[in-house]
Structure formats: C-alpha cells, structure tokens
Amino acid sequence: MALEDIELDVGGTKFKGVYIAILFSFATTIGGGIWAASEFVSRIDNIEQTLIDTIESIPDIEPMELELASIRTKIEDNDLGHLQGKLAELDTLLLSIKERQSEVLTDASTSTAKVNSMEKDWIEVRNEYKAMADMIKQFEKDVQTFKKEVDDLWKGLDAASSPLG
C-alpha cells in the first residue's frame, strides 16, 4: 500500500494520497504558525504584565524630581565654582602652614639642643661655684685660724714684754 494508492472521499470529492500529504503538511505548517503566534502573544502579555507590576512598584518620581531641582538651585545659589577657588586657596594656605610648621619644629629642636647645652654649662658653673664656695669657706676658716694664731702671738708677746701683767 503506497501513498499513491490511498484515496479519501469527502463529500463526493475524491482526494489522492499525494494531495492528502501535501494538504497535511500545509495544515501542520499553518497549525505551527498559529501555535508560534499564540506563544508570541502570550510572551508579550507576560512582558506587559511584568512592566505594569514594575511601574506599580516604582515610587512616584515627581518628589525626586522636585528634590533634584532644589539641589540644582542650591548649587547655583552657593556658586560652587567660587567655592572651588576658595578650596584651592585653602589648600595653598595649608601647604604653607605645613612648611612653616616643619621650620618651627626644626627651630624648636635646635632651641632644645641649645637649652640642653646651656643646662650642661649651668651645671658646670654651679659645680664650680660650689667648689669655689667651699674653698672660700676653707679660706675664711684658715684666716680665722691665722687671726687667732696672730692674736695668740700678740698676747704671747705682750705677756713676754710685761711678765707682771
């Protein structure tokens, strides 16, 4: 039984097997096209629904636009270009302060070294002064001893020159 031998009788019209095969292929192609179009429409419907859900979930953008306009106005009012110049000026001042601070710290370390040197010199002078003060006290003691001896010698000479009194 071959495809050419098959006949189909529909309403008095006879269709040969080859025509049925051609008709069947056209029908399935058209059915596939209808199914593809249906699938396409279904996907578009899903995309539309997702878009609607997304739009509903996004808050109203008008307050954000108002806030953005307010910020723009504030920026224009404050003249940020002018502030940028002031910022550059401040940066220059800070750099000069930093340089001056390093100079001051260098001078301070030099001054500290000088103070330490003067402190050492002062300690030496104080020690010399103590030594001289001790020597002066010893000298005064020696002078007192010498005066006493001289007085004793004078008394001895007075006693030797007048033995009676």
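Rules used in this analysis
Residues numbered from 1 in each chain as written. Predicted model: local features only at pLDDT ≥ 70, side-chain atom pairs only at ≥ 80, totals over all residues. Heavy atoms only, no water. Helix = DSSP H or I, 4+ residues; strand = E, 2+ residues; numbered from the N terminus. Rg over C-alpha atoms; globule rule 2.2 N^0.38 Å. Buried < 20%, exposed > 50% of the residue type's maximum accessible area, 1.4 Å probe, protein only. Areas by Shrake-Rupley, 256 points an atom, 1.4 Å probe, with all protein chains shown as cover. Lys, Arg positive; Asp, Glu negative; His and termini not counted. Charge placed at Lys NZ, Arg CZ, Asp CG, Glu CD. Salt bridge = Lys/Arg side-chain N within 4 Å of Asp/Glu carboxyl O. Patch = residues over 30% accessible without salt bridge, like charges linked within 9 Å, V, L, I, M, F, W, Y side chains within 5 Å. Pairing = 2+ DSSP bridges. pLDDT = per-residue confidence, 0-100.

1. Overview of the overall build of the chain
Of the regular secondary structure elements, the chain holds 3 helices and 2 strands. In the chain, the order of α-helices and β-strands from amino to carboxyl end is β-β-α-α-α. For a compact globule of 165 residues, the expected C-alpha radius of gyration is about 15 Å, and the chain comes in at 62 Å, more than 25% above that figure. In the chain, which comprises 165 residues, the share counted as buried stands at 1%. Of the accessible surface of the chain, which amounts to about 15200 Å², a share of 64% is contributed by carbon and sulfur atoms. Of the charged side chains in the chain, 17 are positive and 32 negative, and the gap between their average positions amounts to 17 Å.

2. Some details on the pattern of salt bridges
Per the stated rule, a full pass over the model turns up 3 salt bridges. Ionic pairing is found between glutamate 39 and arginine 43, a salt bridge with its closest N-O pair at 3.7 Å. With a gap of 4 residues between them, glutamate 39 and arginine 43 both fall in helix H1 (residues 17-57), about one helical turn apart. By relative accessible area, which is 32% here, glutamate 39 ends up partly exposed. Between arginine 100 and glutamate 103 there is a salt bridge, with the nearest N and O atoms lying 2.8 Å from each other. Of the two residues, arginine 100 and glutamate 103 both sit in helix H3 (residues 80-161), 3 residues apart, roughly one turn of that helix.

3. Topic: a nonpolar patch on the surface
Judged by side-chain polarity, Leu8, Val10, Phe15, Val18, Tyr19, Ile22, Phe26, Ile30 and Ile34 come together as a nonpolar surface patch covering roughly 880 Å² of accessible area. Taken together, the elements giving at least two residues each to the nonpolar patch come down to strand E1 (7-10) and H1. With 6 residues, the single largest contributor to the nonpolar patch is H1. Structurally, isoleucine 30 is set in helix H1.

4. Some remarks on the pairing of E1
One ladder, built from 4 bridges, connects E1 with strand E2 (residues 13-16); its direction is antiparallel. Note on E2: the bridge partner recorded for glutamate 7 is lysine 16. Here E1 folds back onto E2 in antiparallel fashion, the turn holding 2 residues, of which glycine 11 has a positive phi close to 55°.

5. Notes on the environment of arginine 126
Here arginine 126 is to be found in helix H3. The class of arginine 126 is partly exposed, set by a relative accessible area of 38%. For arginine 126 and alanine 36, which are 90 residues apart along the polypeptide, the C-alpha to C-alpha distance reads 112 Å.

6. Examining the confidence of the model for the chain
The share of residues in the chain with pLDDT of 70 or more is 95%, and the mean pLDDT across the chain is 85. Taking the mean pLDDT of every element in the chain, the minimum, 78, falls on E1 and the maximum, 91, on H1.

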